[in-house]
Amino acid sequence: MSREETILLDGCQPWPHEIAAFYRDTDCWRGETFGQILRDRAAMYSENIALTYGEEHVSYKTLDERVDQLAAGFQRIGLKKEDRVVVQLPNTIAFFEVCFALFRLGVLPVFSLPTHRYSEIQYFCAFSEAKAYIMPDHFNGYNYFDMAREVRENTPSLQHVITLGESEDFMKLADLYIDDQYIQPEVSPSDIAFLQLSGGSTGLSKLIPRTHDEYIYSLRRSNEICDLNEQSVYLAVLPIAHNYPLSSPGVLGALYAGARIVLSSGPSPDEAFPLIEKEKVSITALVPPLAIIWLEAVKTRSCDFSSLQVIQVGGAHFSSETAKRIQPAFDCKLQQVYGMAEGLVNYTRLDDPDEIVIHTQGRPMSPYDEIRIVDEEDREVAQGEAGELLTRGPYTIRGYYKADHHNAKAFTSDGFYRTGDLVSLNEAGYIVMEGRVKDQINRGGEKIAAEEVEDHLIAHRHVLDVAIVSMPDKFLGERSCAFIIPFEQTPSAAEIKAFLQKRGIATYKIPDRIEIVNSFPQTPFGKVSKKALRKMITEKLANV
Ligand SMILES: O=C(O)c1cccc(O)c1O
């Protein structure tokens, strides 16, 4: 038996000892922690601005101090090392204060997105046995209070519900900043720093444990590749709890570099374009549908984009037709980013020729990333052929949190993660996205696990059976289509959508289209053929 690293948190797959030693020897893992990094940056960059949100500017030094105040408050209410806290915050300064205060206490944020609703939040709280849940009061027209009350009632582990806003029912985040000493526990670089969410394919999102050591390595490498440094200004328009704007290099990469982060509460050109001009933004990250919106908007706006050096596009397949338009429209570089919250991130390089940047999804960021492209029997395919991407490396997890059964399928016996993505490699070793083998819909970067939504729909009394597949869409790349075999009565699309809304699932997961059928096409093994269903809907759409 190989010796293993001691990781304290139950339910996490430890790194094999020899492999951890190798990543340390190769200087991938440098023994840093998030709590300490902010301390160091505050010493180095002191009065430099770390965060800008509207008219508010927070220096590195102030951020560091506010984090300590909040850590003291969190400790006072009883949060301690290895506790879990579900954090559902939009792009705000509080997001950073909360995360770093938790990091300093060794408490693990569980990152959820502002669009998540009761079904997701209650599950994250229950599954992680969270002690606290931190949420906005309202955001994008949604009031979180009713949901939070229901979550609190149904989740025995939850001791505190904390809100950004004003409320009599809940603890106010603002009251937790206290000028007090607190006892800083020993937080080790090999400890789990937080739990990130998977896009998922079977059932509800899996939780992804990431250690300080490996995540910080991914930030450092990302910064080198994206040329992020203390002069950079990173504009965050996507929800920053998502792995891509969080870490590729994202807001955490920006803090690591001593750069400035400009927060936009939304991604629309109306909000983002004036910020680019005013704050002299040098780099930002988009998903493909947003890139299309920005390309349209830029035609009619006269904004000064001269500070902009790089636009990253990732999260879903980016068509080369659209990719071509970025550089001429914004007079800056395009960088394609193909990554996953489980680890591996691929980038096109800033000095790559147009041909590569427009037609590929980049190559692994680390020389220590290992990739294999395999057929259904796990045999490596010939160069240039499509197969499933398997990967392991210095920042790719070895297992999901508390998921032994699923882990046995999602990882090979020698520790490769099965990405579920179908890719090929070009001669230069760059990845080209070809499709997907996992049962997931990628709706403009928002990943939907078909099974999760099917499980909700099957609960409808007029649904006998259901299968959800992707259908092509010019704007989002893919949308979701639910094929339903009705029971007794045929439910209308509006009824189905209202039903799902009421069950409290995130709106992006609600099927865009409902197709009523008498039976499903089957594979030779008698399973539902989703391939045939995708073909059916694709052809139907093409004929309209
Ligand atoms: O999850 C993703 O889609 C993703 C995309 C780009 C970069 C990342 O880090 C990601 O996690």
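Conventions we followed
- Residues numbered from 1 in each chain as written.
- Predicted model: local features only at pLDDT ≥ 70, side-chain atom pairs only at ≥ 80, totals over all residues.
- Heavy atoms only, no water.
- Domains from an automatic or database assignment.
- Buried area = accessible area lost by both parts, 1.4 Å probe.
- Salt bridge = Lys/Arg side-chain N within 4 Å of Asp/Glu carboxyl O.
- Polar contact = N/O pair within 3.5 Å; in protein donor to acceptor, adjacent residues only side chain to side chain.
- Nonpolar A, V, L, I, M, F, W, Y, C, P; charged D, E, K, R; others polar.
- Pairing = 2+ DSSP bridges.
- Helix = DSSP H or I, 4+ residues; strand = E, 2+ residues; numbered from the N terminus.
- Right-handed = clockwise from strand over helix to strand, strands pointing away.
- pLDDT = per-residue confidence, 0-100.
- UniProt positions renumbered as here; feature names shortened; annotations may be inferred.
- Contact = heavy atoms within 4.5 Å.
- Axes fitted to C-alpha atoms, helices over the stretch in contact; angles between N-to-C directions.
- Parallel < 35°, antiparallel > 145°, perpendicular 65-115°, else oblique.
- Near = heavy atom within 4 Å.
- Areas by Shrake-Rupley, 256 points an atom, 1.4 Å probe, with all protein chains shown as cover.
- Core = buried A, V, L, I, M, F, W, Y, C linked by side-chain atoms within 4.5 Å.
- Buried < 20%, exposed > 50% of the residue type's maximum accessible area, 1.4 Å probe, protein only.

Some thoughts on the domain arrangement of the protein chain
Point 1. In terms of domain boundaries, the protein chain breaks down into domain 1 (15-30 + 211-438), domain 2 (34-187) and domain 3 (441-543).
Point 2. A C-alpha centroid distance of 36 Å is found between domain 2 and domain 3.
Point 3. Roughly 500 Å² of surface becomes buried between domain 2 and domain 3 when both sides are summed, with 43% attributable to carbon and sulfur atoms.
Point 4. Of all residues in domain 2, the largest losses of buried area upon contact with domain 3 belong to Thr115, Ser119 and Glu120, amounting jointly to 65% of the total for that side.
Point 5. There are 1 salt bridge connecting domain 2 and domain 3.
Point 6. Notably, a salt bridge pairs Glu120 with Lys509, separated by 2.7 Å at the nearest N-O pair.
Point 7. Along the contact surface separating domain 2 from domain 3 lie 6 residue pairs in polar contact (both at pLDDT 80 or more).
Point 8. Taken together, the residues of the side of domain 2 that touches domain 3 sort by class into 1 nonpolar, 3 polar and 2 charged.

Focus: the pairing of strand β27 (residues 513-516)
Point 1. The sheet contact formed by strand β26 (residues 477-486) and β27 spans 4 bridges and is parallel. In the sheet register, Ala482 faces β27, and the bridge partner there is Ile514.
Point 2. For the segment spanning β26, helix α16 (residues 493-502) and β27, crossover handedness is right-handed.

Focus on the confidence of the model for the protein chain
Point 1. Averaged over every residue, the pLDDT of the protein chain is 96; the share at 70 or more is 99%.
Point 2. Interface confidence for the predicted complex, expressed as ipTM, amounts to 0.99; the pTM equals 0.95.

Quick word on the pattern of salt bridges
Side chains bearing opposite charge may pair, as long as their charged atoms lie close to each other.
Point 1. What the rule picks out here adds up to 42 salt bridges.
Point 2. In this structure, Arg443 engages Asp512 in a salt bridge whose closest nitrogen and oxygen atoms are separated by 2.7 Å. Placement of the pair is Arg443 in strand β23 (residues 440-443) and Asp512 in the loop between α16 and β27, with a sequence separation of 69 residues.
Point 3. Two residues, Glu539 and Lys535, come together in a salt bridge whose shortest N-O distance is 3.6 Å.

Things to note about the UniProt feature "domain: AMP-dependent synthetase/ligase" (unreviewed entry) in the protein chain
Point 1. Here the UniProt-annotated "domain: AMP-dependent synthetase/ligase" (unreviewed entry) positions come out as residues 39-401.
Point 2. Between the end C-alpha atoms of residues 39-401 there is a gap of 29 Å, over a span that is 34% helix and 23% strand.

Here we look at the side chain of Lys530
Point 1. Position of Lys530 among the secondary structure elements: in helix α17 (residues 530-542).
Point 2. Within the local environment of Lys530, its side chain forms a polar contact with the side chain of Glu454, the two groups lying 2.5 Å apart.
Point 3. Setting aside chain neighbours within four positions, we find Lys530 in contact with Asp439, Ala450, Glu454, Ala467, Ile468 and Val469.

A word on the packing of helix α7 (residues 212-226) against helix α9 (residues 250-257)
Point 1. Following both chains from N to C, one finds α7 and α9 inclined at 80°, their axes separated by 9 Å at the closest point. In terms of axis orientation, α7 runs roughly perpendicular to α9. Contacts between α7 and α9 involve Tyr215, Ile216, Leu219, Arg220 and Asn223 from the first element and Leu252, Gly253, Ala254, Tyr256 and Ala257 from the second.
Point 2. Looking at the contact of α7 with α9, its residues break down into 7 nonpolar, 2 polar and 1 charged.

Concerning the site of the ligand
Point 1. In the region of the ligand, the neighbouring residues are His242, Asn243, Tyr244, Ser248, Gly315, Val337, Gly339, Met340, Ala341, Val345 and Lys447.
Point 2. Between Met340 and the ligand, the recorded distance is 3.5 Å, taken from a backbone N or O atom to an oxygen atom.
Point 3. Lys447 places a polar side-chain atom, nitrogen or oxygen, 2.8 Å from an oxygen atom of the ligand.
Point 4. With the chains in place, 96% of the 290 Å² that the ligand exposes on its own is no longer accessible.
Point 5. In terms of residues, the shell around the ligand owes the most to one element, strand β16 (residues 333-340), which gives 3 residues.
Point 6. For the shell around the ligand, the residue count by class is 5 nonpolar, 5 polar and 1 charged.

So, the sheet that holds β27
Point 1. Taking strand neighbours across the sheet as the criterion, the 3 strands line up as β25-β26-β27 in an open arrangement whose pairing is mixed. In this open sheet, the two strands that pair with only one neighbour each are β25 (463-473) and β27. Taking each pair of neighbouring strands and ignoring which way they run, the sheet shows an average axis angle of 25°.
Point 2. Sheet strands touched by α17: β25, β26 and β27. Its angle to β25, the strand with the most contacts, is close to 60°.

Topic: the nonpolar core
Point 1. Residues Phe34, Phe74, Phe96, Trp294 and Phe330 are the most contacted members of the largest nonpolar core, which totals 125 residues.
Point 2. There are two domains that each give this core at least three residues, and those are domain 1 (15-30 + 211-438) and domain 2 (34-187).
Point 3. When residues no more than four places from it in sequence are discounted, the contact partners of Trp294 are Leu235, Val237, Pro267, Ser268, Pro269, Ala272, Phe273, Ile276, Thr284, Leu286 and Phe330.
Point 4. If you look at the next biggest cluster of nonpolar residues, it comprises 27 residues, including Leu9, Ala130, Val151 and Phe170.

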